[in-house]
Amino acid sequence: IDLFGPSYSVGQVARALGKAMARKLQVIDIPFARQSDPLGHAGIPRPIADSITEMFDAFNRGLITPQGHRSLVGTTPIDDVIRQYVRGSAARVA
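In this text the structure is predicted, and so the values were computed from the model without any measurement.

Comments concerning unusual backbone geometry
Stage number 1. Residues other than glycine seldom take positive phi values, yet Ala22 does so here, at roughly 55 degrees.
Stage number 2. For Ala22, a relative accessible area of 72% puts it in the exposed group.

A look at helix α3 (residues 46–60)
Stage number 1. Over its 15 residues, α3 extends 21 Å from the first C-alpha to the last, a length consistent with the 21 Å expected when each residue adds 1.5 Å.
Stage number 2. Among all positions of α3, only Ala49, Thr53, Asp57 and Ala58 are buried.
Stage number 3. Summarising the contacts, the buried residues of α3 are in contact with α2 (36–41).
Stage number 4. The first or second residue beyond α3 is Gly62, which carries a positive phi of 80 degrees.

Considering a nonpolar patch on the surface
Stage number 1. Where nonpolar side chains cluster on the molecular surface, the patch consists of Met55, Phe56, Phe59, Leu63 and Ile64 and spans about 480 Å² of accessible area.
Stage number 2. Mapping Met55 onto the fold places it in helix α3.

Things to note about the confidence of the model for the protein
Stage number 1. For the protein, per-residue confidence averages 90 on the pLDDT scale, and residues scoring 70 or more make up 94% of the total.
Stage number 2. Summarising per-element confidence for the protein, the mean pLDDT is lowest in helix α4 (residues 78–93) (80) and highest in α2 (95).

Observations concerning the pattern of salt bridges
Stage number 1. Following the criterion strictly, the structure yields four salt bridges and no others.
Stage number 2. With a closest N to O distance of 3.0 Å, Arg61 and Asp57 form a salt bridge.
Stage number 3. You can call Arg61 exposed: its relative accessible area is 56%.
Stage number 4. Residue Arg83 pairs with Asp80 through a salt bridge whose shortest N-O separation is 3.1 Å. Of this pair, Arg83 and Asp80 both sit in helix α4, three residues apart, which is roughly one turn of the helix.
Stage number 5. Note on Arg83: relative accessible area 36%, which makes it partly exposed.
Stage number 6. Here Asp80 falls in the partly exposed class, since its relative accessible area comes to 29%.
Stage number 7. Each of Asp37, Arg46 and Asp50 takes part in salt bridges that share partners, so that together they form one network.

Description of the side chain of Asp2
Stage number 1. Its place among the elements puts Asp2 in strand β1 (residues 2–4).
Stage number 2. Within the buried set, Asp2 has no salt-bridge partner at all; the shortest N-O distance to an opposite charge, 10 Å, is to Arg70.
Stage number 3. One polar contact links the side chain of Asp2 to the main-chain amide nitrogen of Gln67, over a distance of 3.3 Å.
Stage number 4. Contact partners of Asp2, with chain neighbours within four places excluded, come to Pro66, Gln67, Gly68, Arg70, Ser71 and Leu72.

Rules used throughout
Residues numbered from 1 in each chain as written. Predicted model: local features only at pLDDT ≥ 70, side-chain atom pairs only at ≥ 80, totals over all residues. Heavy atoms only, no water. Buried < 20%, exposed > 50% of the residue type's maximum accessible area, 1.4 Å probe, protein only. Helix = DSSP H or I, 4+ residues; strand = E, 2+ residues; numbered from the N terminus. Expected span 1.5 Å × (residues − 1). Contact = heavy atoms within 4.5 Å. Patch = residues over 30% accessible without salt bridge, like charges linked within 9 Å, V, L, I, M, F, W, Y side chains within 5 Å. Areas by Shrake-Rupley, 256 points an atom, 1.4 Å probe, with all protein chains shown as cover. Salt bridge = Lys/Arg side-chain N within 4 Å of Asp/Glu carboxyl O. pLDDT = per-residue confidence, 0-100. Lys, Arg positive; Asp, Glu negative; His and termini not counted. Polar contact = N/O pair within 3.5 Å; in protein donor to acceptor, adjacent residues only side chain to side chain.

What follows is the structure, given as C-alpha coordinates:
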(Lines give C-alpha, C1' and ligand atoms only; values in the text may rest on other atoms or scores of the structure.)
Protein backbone atom coordinates (compact mmCIF):
# COMPACT_ATOMS: atom_id res chain seq x y z
CA ILE A 1 0.00 0.00 0.00
CA ASP A 2 1.36 3.41 -0.97
CA LEU A 3 0.37 6.22 1.39
CA PHE A 4 0.04 9.77 0.08
CA GLY A 5 -1.12 13.06 1.46
CA PRO A 6 -1.10 16.71 0.57
CA SER A 7 2.31 17.91 -0.68
CA TYR A 8 4.06 20.71 1.17
CA SER A 9 7.36 22.48 0.62
CA VAL A 10 10.01 22.56 3.33
CA GLY A 11 9.22 26.25 3.82
CA GLN A 12 5.51 25.54 4.31
CA VAL A 13 6.26 22.88 6.92
CA ALA A 14 8.71 25.21 8.72
CA ARG A 15 6.10 27.99 8.80
CA ALA A 16 3.42 25.65 10.16
CA LEU A 17 5.79 24.22 12.78
CA GLY A 18 6.98 27.70 13.74
CA LYS A 19 3.39 28.91 14.10
CA ALA A 20 2.52 25.97 16.38
CA MET A 21 5.64 26.63 18.48
CA ALA A 22 5.20 30.43 18.40
CA ARG A 23 8.71 30.78 16.95
CA LYS A 24 10.19 31.84 13.63
CA LEU A 25 12.12 28.93 12.12
CA GLN A 26 14.79 29.17 9.46
CA VAL A 27 15.22 26.50 6.79
CA ILE A 28 18.87 25.62 6.21
CA ASP A 29 19.98 23.56 3.21
CA ILE A 30 22.60 21.01 4.24
CA PRO A 31 24.86 19.55 1.52
CA PHE A 32 24.32 15.83 0.92
CA ALA A 33 27.79 14.94 2.23
CA ARG A 34 26.90 16.42 5.64
CA GLN A 35 23.25 15.42 5.99
CA SER A 36 23.99 12.50 8.32
CA ASP A 37 25.72 14.77 10.85
CA PRO A 38 22.59 16.39 12.38
CA LEU A 39 20.97 12.97 12.70
CA GLY A 40 24.03 11.71 14.54
CA HIS A 41 23.98 14.76 16.82
CA ALA A 42 20.36 13.88 17.62
CA GLY A 43 21.49 10.45 18.84
CA ILE A 44 20.89 8.29 15.78
CA PRO A 45 23.75 5.81 15.26
CA ARG A 46 25.92 6.78 12.27
CA PRO A 47 25.13 3.70 10.11
CA ILE A 48 21.40 4.35 10.50
CA ALA A 49 21.84 8.10 9.90
CA ASP A 50 23.75 7.32 6.70
CA SER A 51 21.00 4.93 5.56
CA ILE A 52 18.27 7.50 6.23
CA THR A 53 20.25 10.13 4.30
CA GLU A 54 20.72 7.77 1.35
CA MET A 55 17.03 6.83 1.35
CA PHE A 56 15.90 10.48 1.23
CA ASP A 57 18.41 11.17 -1.54
CA ALA A 58 16.99 8.25 -3.52
CA PHE A 59 13.44 9.62 -3.06
CA ASN A 60 14.58 13.10 -4.16
CA ARG A 61 16.30 11.72 -7.27
CA GLY A 62 13.26 9.63 -8.22
CA LEU A 63 15.02 6.30 -7.67
CA ILE A 64 12.38 5.19 -5.17
CA THR A 65 8.83 5.46 -6.46
CA PRO A 66 5.47 4.06 -5.33
CA GLN A 67 5.11 0.42 -6.36
CA GLY A 68 2.04 -0.76 -4.45
CA HIS A 69 -1.07 -2.17 -6.01
CA ARG A 70 -3.14 0.06 -3.76
CA SER A 71 -2.90 3.72 -2.77
CA LEU A 72 -4.46 5.59 0.13
CA VAL A 73 -4.60 9.37 0.14
CA GLY A 74 -4.81 11.29 3.41
CA THR A 75 -6.36 14.73 3.51
CA THR A 76 -5.37 16.04 6.95
CA PRO A 77 -3.84 19.53 6.58
CA ILE A 78 -0.25 19.98 7.80
CA ASP A 79 -1.34 22.59 10.37
CA ASP A 80 -3.58 20.00 12.06
CA VAL A 81 -0.86 17.33 12.11
CA ILE A 82 1.78 19.68 13.52
CA ARG A 83 -0.57 21.19 16.11
CA GLN A 84 -1.38 17.70 17.44
CA TYR A 85 2.31 16.73 17.46
CA VAL A 86 3.39 19.89 19.28
CA ARG A 87 0.58 19.49 21.81
CA GLY A 88 1.54 15.84 22.37
CA SER A 89 5.22 16.73 22.79
CA ALA A 90 4.38 19.42 25.36
CA ALA A 91 2.24 16.95 27.32
CA ARG A 92 5.12 14.43 27.45
CA VAL A 93 7.53 17.10 28.73
CA ALA A 94 5.14 18.36 31.44
